[in-house]
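Descriptive analysis of the structure
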Amino acid sequence: DVKVTQSSRYLVKRTGEKVFLECVQDMDHENMFWYRQDPGLGLRLIYFSYDVKMKEKGDIPEGYSVSREKKERFSLILESASTNQTSMYLCASSLQIGGLASYEQYFGPGTRLTVT
Amino acid sequence: AQSVTQLDSHVSVSEGTPVLLRCNYSSSYSPSLFWYVQHPNKGLQLLLKYTSAATLVKGINGFEAEFKKSETSFHLTKPSAHMSDAAEYFCVAKTSYDKVIFGPGTSLSVIP
């Protein structure tokens, strides 16, 4: 079974703090993703990575950065947390079969971040 | 523009009755299509996927979906709802190397 773990289930931070969300997958997947999930908006892609040290912006990268120093680990960084970043954050990974081939994403349990 | 539409934000059914969750996509390419389920406070779990093989796809927990290219639809069905099916359901399209598009989700309630 693929396992995607996230460092925290619940996190409370103050405005202006630097926040690190960690994600680890144990199946040697090439691709890793960070999403945020908000009521009525579904999942929105923040960043993804298709290889170590590689990253691509998703649909809503503003206010976030990422780091992928090892294949199994993908970190999401909020440089200066703001209240509008209060959300559920979901990490996912997938195997890259190539081109237009289909692949499914495996999700972690999520981190519910509250910024006060 | 590529998009995924889930026509109902909330569906309520009685236990033992059929479930229908609707999904339409808009894409210039033949997409791969997925349905995911999310139970409260959990991550998303893959229910089933369509990848240009059989148009009727069977998934886990008795769910199935039919790809209809002429209608650009991929509706999710189950013959008989169970209480444990109450969850949020997401239709997802993968249309190119990098692009995965999530629908907004449908919340399914099952009434005993």
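The residue numbering used here restarts from 1 in each chain and proceeds along that chain's sequence as written. Labels follow written order: the first chain is A, the first ligand is 1, and so on. Given that this is a predicted model, residues contribute local features only at a pLDDT of at least 70 and side-chain atom pairs are listed and counted only at 80 or more, while totals for whole chains, interfaces and linings are drawn from all residues. Heavy atoms throughout the structure, all of them, feed into the side-chain values; hydrogens and water do not.

**Here's the deal with the overall build of chain B**
Helix and strand definitions here come from DSSP, where helices need a minimum of 4 consecutive H or I residues and strands a minimum of 2 consecutive E residues; each element is numbered from the N-terminal end. Looking only at helices and strands, one finds zero helices and twelve strands in chain B. Ordered by position from the N terminus, the helices and strands of chain B form the series β-β-β-β-β-β-β-β-β-β-β-β. Taking 13 Å as the expected radius of gyration for a compact globule of 112 residues, we find that chain B reaches 13 Å, a close match to that expectation. For chain B, the spread of C-alpha atoms along the principal axes amounts to about 40 × 30 × 20 Å. Burial classes: relative accessible area under 20% of the type maximum marks a residue as buried, over 50% as exposed, and values in between as partly exposed (1.4 Å probe, protein chains only). Split into buried and exposed, the 112 residues of chain B put 42% on the buried side. The contacts of chain B with a sequence gap of at least 6 include a subset with a gap of at least 24, amounting to 55%. Taken as a whole, chain B presents about 5300 Å² of accessible surface, with 52% of it coming from carbon and sulfur. All radius of gyration figures rest on C-alpha atoms, and the globule criterion is 2.2 Å times the number of residues raised to 0.38. By definition in these notes, contact holds between two residues if any of their heavy atoms fall within 4.5 Å. Calculation of accessible area relied on Shrake-Rupley with a 1.4 Å probe; when residues are assessed, cover is drawn exclusively from the protein chains displayed.

**Here we look at the interface of chain B and chain A**
Opposite the 22 residues of chain B that make contact, chain A presents 20 residues. Buried surface area refers to the total accessible area, computed with a probe of radius 1.4 Å, that the two partners give up upon joining, counted for both partners together. Around 1800 Å² of area is buried between chain B and chain A when both sides are counted, 54% of it from carbon and sulfur atoms. Salt bridge, as applied in this entry: a Lys or Arg side-chain nitrogen positioned within 4 Å of an Asp or Glu carboxyl oxygen. Here chain B is connected to chain A by one salt bridge. Residue B:K49 pairs with A:E104 through a salt bridge whose shortest N-O separation is 2.7 Å. Counted as a polar contact is a pair of N or O atoms within 3.5 Å, where, for protein atoms, one must be capable of donating a hydrogen and the other of accepting one, and residues adjacent in sequence contribute only when both atoms are in side chains. In this assembly, chain B and chain A are joined by three residue pairs in polar contact (both at pLDDT 80 or more). Looking at the side of chain B that touches chain A, the elements that each hand over two or more residues are strand 5 (32-38), strand 6 (44-50), strand 10 (87-94) and strand 11 (100-102) of chain B. Broken down by element, the side of chain B that touches chain A gets its largest block of residues, four residues, from strand 5 of chain B. Here the nonpolar group is Ala, Val, Leu, Ile, Met, Phe, Trp, Tyr, Cys and Pro; Asp, Glu, Lys and Arg are the charged ones; every other residue, Gly included, is treated as polar. Broken down by class, the residue content of the side of chain B that touches chain A amounts to nine nonpolar, eight polar and five charged.

**A look at the packing of aromatic side chains**
Centre distance within 6.5 Å is the pairing criterion for rings of Phe, Tyr and Trp, where only the six-membered ring of Trp is used; planes under 30 degrees apart are then read as stacked, over 60 as edge-to-face, and the remainder as tilted. Under the defined criterion, the tally for this structure stands at 13 aromatic pairs over all chains. Centre to centre, the rings of A:Y35 and B:F102 are 5.1 Å apart; their planes meet at 75 degrees, and the pair counts as edge-to-face. Residue A:Y35 is found in strand 4 (residues 31-38), and its partner B:F102 is found in strand 11; the two belong to separate chains. Both residues of the pair, A:Y35 and B:F102, count as buried. With a centroid separation of 4.2 Å and an interplanar angle of 20 degrees, the aromatic rings of B:Y50 and B:F67 are classed as stacked. With B:Y50 in strand 6 and B:F67 in strand 8 (residues 64-68), the pair connects residues that are 17 residues apart, well separated along the chain. Judged by its relative accessible area of 7%, B:Y50 is buried. For B:F67, a relative accessible area of 9% gives the class buried.

**Brief notes about the pattern of salt bridges**
Summed over all chains, the structure comprises ten salt bridges over all chains. Among the salt bridges present, the one from A:D38 reaches A:R36, with a minimum N-O distance of 2.9 Å. Relative accessible area serves as the criterion here: at 11%, A:D38 is assigned to the buried category. Taking the shortest distance from any N to any O, the salt bridge between B:E64 and B:K58 comes out at 2.8 Å.

**Here's the deal with the state of the cysteines**
The bond known as a disulfide is covalent and runs between the sulfur atoms of two cysteines. All names here are of chain B. Two cysteine sulfur atoms make up a disulfide if the distance between them is within 2.5 Å. Taken as a whole and judged by the stated rule, the model has two disulfides over all chains. Through a disulfide, C23 is tied to C91; the S-S separation comes to 1.9 Å. Taking the sign of the S-S torsion, -65 degrees for the link of C23 and C91, the bridge is left-handed. In this pair, C23 sits in the loop between strand 3 (19-21) and strand 4 (24-26) while C91 sits in strand 10, placing the two residues 68 residues apart along the sequence. Taken as a pair, C23 and C91 share a single burial class, namely buried.

**Observations concerning the environment of A:F33**
Residues and elements named next belong to chain A. In this structure, F33 sits in strand 4. For F33, a relative accessible area of 3% corresponds to the buried category. For the pair formed by F33 and V12, sequence separation is 21 residues and the distance between their alpha carbons is 22 Å.

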